[in-house]
Amino acid sequence: MLIRLRRTLTVIIFQTIAACNNNKPNYLEVLKYYSRSFQTPRSPIVGSFRRMGDSQSVQIDLPESNSVERKDKVVLTEEEWKKKLSSEQFHVCRRKGTQRAWEGDLLDNKQKGIYSCAACGFDLFSSTTKFDSGSGWPSFFDVVKDTTTGISNVEVKTDSTHGMTRTEVLCGRCNSHLGHVFNDGPQPTGLRFCINSVSMTFRADDGAGGSKSPM
């Protein structure tokens, strides 16, 4: 009840500001991003992990997207992606949107298996590295790597949108937006890959774990 009331008040505030500040879209985007702090966390360890977007200027030791050449890159036109993905998947994966916290189907998934890119099927994360960060988004402390080259199946790049500097996580095969990575995760990596549930699909463990998946 309290959460709904806070959300309603937040919407009213945003609408009022929007009516008076039509020339300040960046300011509004920052407010919308931080409005998620109104949500009451479920996990007792939430104080140990920051929400998506709270960490800034994070330096992650992963290859930038333009530094790795992959032979199996998937490149589609915007229209082709729209036909292939649902409207929500397209908004998040191709337009770099953010799914609402606590609403992802894979957030509470505790099955063993592999999390793959919803856009192209590339293996991204293993259930063995999934943990409850208390952030409201599926979180992982490591990524799937190519078994031959050892190269990470995700790529990262600097994201300076919404008035913040963060590290964006993208699919290594199709460059779909997945989420962001922060340096406040558990050991042994110390990383928290904070990923939109809608950006992934889940394949239950059947001996899988390789880095290649059919599109």
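Shown above is the structure to which this text applies.
Residues numbered from 1 in each chain as written. Predicted model: local features only at pLDDT ≥ 70, side-chain atom pairs only at ≥ 80, totals over all residues. Heavy atoms only, no water.

Some details on the environment of Ser-126
- Along the chain, the position of Ser-126 falls in strand S2 (residues 123–126).
- Relative accessible area serves as the criterion here: at 17%, Ser-126 is assigned to the buried category.
- When near neighbours in sequence (up to four residues on either side) are disregarded, Ser-126 contacts Gly-113, Ile-114, Tyr-115, Phe-140 and Val-144.
- At a separation of 2.9 Å, a polar atom in the side chain of Ser-126 contacts the side chain of Thr-128. (Helix = DSSP H or I, 4+ residues; strand = E, 2+ residues; numbered from the N terminus. Buried < 20%, exposed > 50% of the residue type's maximum accessible area, 1.4 Å probe, protein only. Contact = heavy atoms within 4.5 Å. Polar contact = N/O pair within 3.5 Å; in protein donor to acceptor, adjacent residues only side chain to side chain.)

Focus: unusual backbone geometry
- The amide bond that connects Gln-187 to the next residue, Pro-188, takes the cis arrangement and shows omega of 20°.
- Inspection of the secondary structure puts Pro-188 in the loop between strand S7 (177–182) and strand S8 (192–195).
- Its identity as a non-glycine residue notwithstanding, Trp-102 has a phi of 70°, on the positive side.
- Relative to the assigned elements, Trp-102 resides in the loop between helix H4 (87–94) and strand S1 (113–117).
- Backbone geometry at Asn-175 places phi at a positive 65°, although glycine is not the residue there.
- Tracing the chain through its elements places Asn-175 in the loop between strand S6 (166–171) and S7.

A short note on the packing of aromatic side chains
- The final tally for this structure, using the stated rule, is four aromatic pairs.
- These aromatic residues form a ring-pair network of at least three members: Tyr-115, Phe-125, Phe-140, Phe-193 and Phe-202. (Phe/Tyr/Trp six-rings, centres within 6.5 Å; stacked < 30°, edge-to-face > 60°.)

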